[in-house]
Amino acid sequence: MSFLSLQVNEVGKQVLMTGNEAVARAAIEAGVSYASSYPGSPSSEILGNLGKLAKQHNLYAEWSTNEKVALEGAAAASFAGVRAICIVKPDGLNVAFDTLKSLTSSGTKGGLVLVVSDDPSAHSSTNEEDSRYLEKVAHMPILEPSTPQEAKDMTVAAFDLSEKVKLPVCIRSVTRICHASGNVTIGPVNKSIKQPVMGPEDRFVTNILFHAVQEKKLAMLAQLAEQWPFNRYQGPENARTLIITAGPGFVYAQEALSVLGVEEQVGILKLGISWPLPENFIVNHLEHADQVIFLEEIEPFNEENIMRLAAHRLEEVYPIKFYGQKSGHVSGQLGPGLGEINPDTVIRALAGILNLSYTAQPKGYGQEAASLVQNVPERELAFCAGCPHRASFWAVKSALAINGRNGVVMGDIGCYTMGLLRTGYKLLQAVLAMGSGVGLAHGLGKLDRFGFEQPVVAMVGDSTFYHAAIPALINAKYNKSNFLLVVLDNETTAMTGHQPHPGLGLNAMGDETEHMPIEKVVNGLGLPVEVYDPYDVDGTTKMVFDMLQEQGTKVLVLRRTCALVTAKKETKPKVYVDQKLCIGDECGCNRFCSRTFACPASIWDKKAQKAIIDEAVCNRCGVCVSLCPQNAIKLEGVEAGEY
């Protein structure tokens, strides 16, 4: 139903929503005034939707330049007494953590909810991280919804809880909550928006003296957690086998017990609040159990905390056995403590622990599935057809080869991280965090005094440039480092859904704003900068080669709009192979267009034994036209050099 579901305002009506849409709806119902985020899957849709709803519901929404700034803006709104929400993914929480750790010390005023969306199995991330450990270190409560309905209800309740304890409250979501859909009941919208004001007595300061206050707040939260309405026990009274779970694990557990037919034997203890623990609520159920099975995604966070609790209150729960990731009995496809779990994971774990017979599929299913998979065409992880990054990587690779001094390339986080793979000619040699490529290049650029003579290139995207590259660039200028920064400017935040950034002159609410071109920012730092079109591969190659001859820190902006954005706006001439000119394997290019340049639209016509363009995939960028040694790739109705 997508964005339409958020435009339904009939109280009591059920609509189909994803978890992300449910959180956005909750913010509206809670009367949020300020919303901020930096784009990051799996939760980019929350702020995107709030931006579209901003004018209708009189709220402010922004795509911030990074997560630290986003959290600070939301914190300021809370200081002024209005409700605010900030949305990040775990990598973004790392960026914002310095502020968060201080914020839980200073305290808040208006309700402040921090949504952190973990990505078990890293479906849309470069790494996997369980954010709950950082949230625990920050001394803040952690709420874990199990369904889209709970995502909405729990987020609304989180604003009230935040105002009660004067702390930011974390909603820990995961990919299967963010993107799963379910019926959600529409609630009333809180229209009693407060007038933001900071009185002369309002003070929000971090200090060692407030550590004791944090501990008192956690103690108060632990008392509130005992009555937290999203905690639940389901199953027979005094069950000897107990599942303890949170998040989507609750739904998986229900399905597993039904499949195995043991609903009358096994109880499920669902935690709606994972930190601080509702200790008495948990111990009361541990007392009747002989064995406990933990179900959760990524790390054994609840397992460790509850086993520690059991050790502290051993006389109340002894004897008891614990099964989970620590014991190796609960394990996803990647192993204990790694990646997602799913209903099949849970069924297998329970069947093993309870010594039940279970066969997931009929005999021969695996062989049949394997035979069918052979008929599915292989799809390589690659840049889109027409992606300007492919041309940029080819030009940088060519320039370094011509330079002949074994140049090294530091990468960053974005679509262009795929420069690690064949699609980017395996050019990147290091990828850490956003902005790190520039810092790494700076470090290498200072090793000349020890005899390091290899040219150094850093490659970052346009959104990453604004997010985290600028401080490292200032550092490089200040310390006179020697490297070339290539900014791949496709005029959008492409990887997370084409959100705007400061270079576009458009904000999250669709309003025009002053745009800040990258070259102007670089000029302001007093660094040399050039702007070039990567579709001109020969010209870009020469530009990179020439800039590598210069000493010092310098910047090249390779600007060409993302092919997916262009394809929606412009009609371009058809690209085709004139097979009368293509001489196939006799060319000697070793199928350069379809194999080496690796555009998914350039394929091999097995019947004709010549190259061919897949019209269904081609975005008509025309870069391959200039690369064919036989001039066999053509633009329909356009002469060479006109396009």
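To be clear, the structure that these remarks concern was listed above.
What this report covers is the structure whose coordinates are included nearby. Computed from a predicted structure; not experimentally measured.

This next bit is on the overall build of the protein chain. What the protein chain contains, in helices and strands, is 21 helices and 23 strands. Since a compact globule built from 643 residues should have a radius of gyration of about 26 Å, the 28 Å found for the protein chain is in line with a globular shape. Taking the principal axes of the C-alpha coordinates as reference, the protein chain spans close to 80 × 75 × 60 Å. By residue count, 54% of the 643 residues in the protein chain fall in the buried class. In the protein chain, of all internal contacts separated by at least 6 residues, the share reaching a separation of at least 24 is 79%. Here the protein chain displays about 28,700 Å² of accessible surface, and carbon together with sulfur accounts for 52% of that area.

For Met-154, the position within the fold is in helix H6 (residues 148-165). Of the residues examined, Met-154 reaches a relative accessible area of 0% and is grouped as buried. Note: C-alpha distance between Met-154 and Leu-421 (267 residues apart in sequence) is 41 Å. When near neighbours in sequence (up to four residues on either side) are disregarded, Met-154 contacts Leu-143, Glu-144, Pro-145, Ile-171, Trp-228, Phe-230 and Gly-272.

Turning our attention to the pattern of salt bridges. Applying the stated criterion across every chain yields a total of 28 salt bridges. Across the salt bridge formed by Glu-316 and Arg-313, the nearest N and O atoms sit 2.8 Å from each other. The partly exposed category is assigned to Glu-316, whose relative accessible area is 28%. Several salt bridges share partner residues, and in doing so they unite Asp-118, Asp-130, Arg-132, Glu-144, Arg-172 and Glu-296 into one network.

What follows covers the packing of aromatic side chains. The full count for this structure, using the stated rule, is 11 aromatic pairs. Ring centres of Trp-228 and Phe-230 lie 5.3 Å apart, and the angle between their planes is 55°; on these two criteria the pair is classed as tilted. Comparing Trp-228 with Phe-230 shows no difference in burial state: the two are buried. Consider the rings of Trp-394 and Tyr-425, whose centres lie 5.0 Å apart with planes at 75°: the pair is edge-to-face. One end of the pair, Trp-394, is in helix H15 (residues 388-403); the other, Tyr-425, is in the loop between strand S15 (408-410) and helix H16 (436-445), with 31 residues separating them in the sequence. Summarising the burial analysis for this pair, Trp-394 and Tyr-425 share the class buried. Taken together, the ring pairs connect Trp-394, Tyr-425, Phe-592 and Phe-597 into an aromatic cluster. Positioned above the aromatic ring of Trp-275, the side-chain terminus of Lys-136 is 4.4 Å from the ring centre. For Arg-390, the ring lying beneath its charged end belongs to Phe-597, and the centroid distance is 6.0 Å.

Working note: a packed helix pair is described by the angle between its axes plus the distance between those axes. Running from N to C, helix H9 (residues 249-260) and helix H13 (residues 343-353) cross one another at 55°; their axes reach a closest spacing of 9 Å. Taken together, the axes of H9 and H13 are oblique relative to one another. Relative to H13, H9 is oriented so that their crossing is right-handed. Residues Tyr-252, Ala-253, Glu-255, Ala-256, Leu-257, Val-259 and Leu-260 of H9 pack against Pro-343, Val-346, Ile-347, Leu-350 and Ala-351 of H13. Tallied by class, the residues present in the contact of H9 with H13 amount to 11 nonpolar, no polar and 1 charged.

Right, let's talk about the packing of helix H10 (residues 279-286) against helix H11 (residues 301-312) for a bit. Between H10 and H11, the shortest axis-to-axis distance is 11 Å and the interhelical angle comes to 75°. Classed by the angle they form, the pair H10 and H11 counts as roughly perpendicular. Contacts from Glu-279, Ile-282, Val-283 and Leu-286 in H10 reach Ile-306, Leu-309 and Ala-310 in H11. Of the residues belonging to the contact of H10 with H11, the class tally is 6 nonpolar, no polar and 1 charged.

Let us now look at a nonpolar patch on the surface. Where nonpolar side chains cluster on the molecular surface, the patch consists of Val-205, Ile-208, Leu-209, Phe-210 and Val-213 and spans about 480 Å² of accessible area. Of note, Leu-209 is situated in the loop between strand S8 (181-185) and helix H8 (211-226). The class of Leu-209 is exposed, set by a relative accessible area of 66%.

Another aspect to go through is the nonpolar core. Here is a general trend for soluble globular proteins: nonpolar side chains tend to be buried in one another's company. By size, the foremost hydrophobic cluster in this structure holds 69 residues, and its most contacted members are Leu-50, Ile-85, Ile-244, Ile-282 and Leu-286. A total of 7 residues in this core trace back to one element, the largest contributor, which is H6. Not counting the four nearest positions on each side in its chain, Leu-286 is found in contact with Leu-242, Ile-244, Val-292, Ile-306, Ala-310, Val-317 and Ile-320. Within the second largest apolar cluster, 48 residues are counted, among which are Ala-399, Tyr-416, Tyr-425 and Leu-558.

Spatially, 5 strands are ordered S9-S11-S10-S13-S14 in an open sheet, and the strand pairing comes out mixed. Pairing within the sheet leaves two strands with one partner each, and these edge strands are strand S9 (232-234) and strand S14 (321-323). Neighbouring strand axes in the sheet, compared pairwise and without regard to direction, differ in orientation by 20° on average. Strand direction decides the pairing type here: strand S10 (residues 241-245) and strand S11 (residues 266-270), joined by 5 bridges, are parallel. Bridged to Ile-244 within S11 is Leu-269. Sheet strands in contact with H10 are S9, S10, S11 and strand S13 (291-295), and its direction is about 175° off that of S11.

Attention now goes to the side chain of Glu-150. Within the element layout of this structure, Glu-150 appears in helix H6. Under the relative-accessibility criterion, Glu-150 is labelled buried at 8%.

All right, on to the environment of Ala-391 then. Among the secondary structure elements, Ala-391 is positioned in helix H15. Under the relative-accessibility criterion, Ala-391 is labelled buried at 1%. C-alpha of Ala-391 to C-alpha of Cys-599: the two residues are 208 residues apart in sequence and 9.8 Å apart in space. When neighbours within four sequence positions are excluded, Ala-391 is seen to be in contact with Pro-534, Val-537, Phe-597 and Val-623.

Attention now goes to the sheet that holds strand S16 (residues 456-461). Spatial ordering of the open sheet is given by S15-S16-S17-S19-S18, a layout of 5 strands whose pairing is parallel. The open sheet terminates on both sides in strands that have one partner only, identified here as S15 and strand S18 (529-532). Adjacent strand axes in the sheet meet at a mean angle of 20° when their direction is disregarded. With respect to the sheet, helix H17 (residues 462-478) is in contact with S16, strand S17 (483-489) and strand S19 (553-559), its orientation differing from that of S16 by roughly 145°. The strands that helix H19 (residues 537-548) touches are S16, S17, S18 and S19; relative to S19, the one it contacts most, it runs at about 170°.

What counts and how
- All residue numbers refer to positions counted from 1 along the written sequence of the respective chain.
- Residues qualify for local features only when their pLDDT is at least 70, as the model is predicted, and side-chain atom pairs are given and counted only at 80 or more; totals for whole chains, interfaces and linings, by contrast, use all residues.
- Hydrogens and water molecules were not included; the side-chain quantities draw on all heavy atoms of the structure.
- A helix here means a DSSP run of H or I that spans at least four residues, while a strand means a run of E at least two residues long, and both kinds are numbered starting from the N terminus.
- C-alpha atoms define the radius of gyration in this analysis, and the globule rule sets the expected value at 2.2 Å times the number of residues to the power 0.38.
- When accessible area is computed with a 1.4 Å probe and restricted to protein chains, residues below 20% of their type maximum are described as buried, those above 50% as exposed, and intermediate ones as partly exposed.
- Residue contacts are counted whenever heavy atoms from the two residues lie within 4.5 Å of one another.
- Only the protein chains shown count as covering a residue, and every accessible area follows the Shrake-Rupley method with a 1.4 Å probe.
- Between Lys or Arg on one side and Asp or Glu on the other, a salt bridge is scored when a side-chain nitrogen of the former is within 4 Å of a carboxyl oxygen of the latter.
- Each pair of aromatic rings taken from Phe, Tyr and Trp, with Trp reduced to its six-membered ring, is defined by centres within 6.5 Å and is described as stacked if the planes are under 30 degrees apart, edge-to-face if over 60, and tilted in the remaining cases.
- Only when the NZ of Lys or the CZ of Arg is both within 6 Å of the ring centre and within 35 degrees of the ring normal is a charge said to sit over the ring.
- Axis lines are fitted to C-alpha atoms, over the contacting stretch for helices. Their N-to-C directions set the angle, which ranges from 0 to 180 degrees.
- Any angle that falls under 35 degrees is termed roughly parallel, while one over 145 is termed roughly antiparallel, one within 65 to 115 roughly perpendicular, and all others oblique.
- A clockwise turn of the near helix away from the far one marks a right-handed crossing, whereas an anticlockwise turn of less than a right angle marks a left-handed crossing.
- Residues are grouped as follows: Ala, Val, Leu, Ile, Met, Phe, Trp, Tyr, Cys and Pro are nonpolar; Asp, Glu, Lys and Arg are charged; all remaining types, including Gly, are polar.
- Patch rule: a residue counts if its relative accessible area is over 30% and it has no salt bridge; like charges are joined within 9 Å, and nonpolar side chains (Val, Leu, Ile, Met, Phe, Trp, Tyr) within 5 Å.
- To define a nonpolar core, start from buried Ala, Val, Leu, Ile, Met, Phe, Trp, Tyr and Cys residues and group those joined through side-chain atoms within 4.5 Å.
- Strand pairing is assigned whenever DSSP detects at least two bridges linking the two strands.

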